[in-house]
Amino acid sequence: MLLGVVLVAGVLYIRAGRAPLPVVETPATPKTIFTSQSDCEQKTGTICQFKMCDYVPVGMTPEEACPPNGPFKGWVSAPR
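(A) Representation of the state of the cysteines in the model. Considering all chains together, one arrives at 2 disulfides under this definition. Two residues share a disulfide in this structure: Cys-40 and Cys-48, whose sulfurs sit 2.0 Å from each other. Between Cys-40 and Cys-48, the disulfide has an S-S torsion of -80° and is therefore left-handed. Each of the two residues, Cys-40 as well as Cys-48, counts as buried. With its sulfur 1.8 Å from that of its partner, Cys-53 forms a disulfide with Cys-66.

Below is the structure:
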């Protein structure tokens, strides 16, 4: 029991002495949208996938529902 109290106190002491981690906000990086898979792969040099965002829920703007540019349909570079 005493060991548990000492461990918890030690963890709290160590955490209190550390500075909080900085939060870095980065804006969403807009992706180029291509009309064909081959065009996307040639120009980006990566594997591309078809993406579509055309549904905007009630109470949201198109930019909020489909960041960063609003509704789209087309080929984009796939995440690595």
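After that view, the rundown keeps rolling.
(B) Local environment of the side chain of Ser-77. One can find Ser-77 in strand β2 (residues 72–77). A polar contact is formed between the side chain of Ser-77 and the side chain of Thr-46, at a distance of 2.6 Å. If we ignore the near neighbours within four places in the chain, the residues touching Ser-77 are Lys-31, Cys-40, Thr-44, Thr-46, Ile-47 and Cys-48.

(C) Broad picture of the packing of aromatic side chains. Going through the model one piece at a time under the given rule, you end up with 1 aromatic pair. On the basis of an interplanar angle of 70° and a centroid distance of 5.6 Å, the ring pair of Phe-50 and Trp-75 is categorised as edge-to-face. Taken as a pair, Phe-50 in strand β1 (residues 48–53) and Trp-75 in strand β2 lie far apart in primary sequence, 25 residues in all.

(D) Local environment of the pattern of salt bridges. Summed over all chains, the structure comprises 1 salt bridge. Taking the shortest distance from any N to any O, the salt bridge between Lys-43 and Asp-39 comes out at 3.4 Å. Of this pair, Lys-43 and Asp-39 both sit in helix α2 (residues 37–44), 4 residues apart, which is roughly one turn of the helix. On the accessibility criterion, Lys-43 (60% relative accessible area) is exposed.

The rules behind each value
- The residue numbering used here restarts from 1 in each chain and proceeds along that chain's sequence as written.
- With pLDDT at 70 or above as the cut-off, local features in this predicted model cover only qualifying residues; side-chain atom pairs require 80 or more to be listed or tallied, and sums for whole chains, interfaces and linings still use all residues.
- As a rule here, side-chain values come from all non-hydrogen atoms in the structure, and water together with hydrogens is ignored.
- In this description, the term disulfide denotes a pair of cysteine sulfurs within 2.5 Å.
- Burial here depends on accessible area, computed with a 1.4 Å probe over protein chains only, as a share of the maximum for the residue type. Under 20% is buried, over 50% is exposed, and the range in between is partly exposed.
- Only runs of H or I of at least four residues qualify as helices and only runs of E of at least two qualify as strands under DSSP, and these elements are numbered from the N terminus.
- Within 3.5 Å is the distance limit for a polar contact, defined as a pair of N or O atoms, with the added protein rule that one can donate a hydrogen and the other accept it, and that residues adjacent in sequence qualify only through two side-chain atoms.
- A contact between two residues is defined here by any heavy atoms of the two lying within 4.5 Å.
- Each Phe, Tyr or Trp ring, with Trp reduced to its six-membered ring, pairs with another whose centre is within 6.5 Å; inter-plane angles below 30 degrees give stacked pairs, above 60 give edge-to-face pairs, and intermediate values give tilted ones.
- Within this document, salt bridges are pairs made up of a side-chain nitrogen of Lys or Arg and a carboxyl oxygen of Asp or Glu, the two lying within 4 Å of each other.

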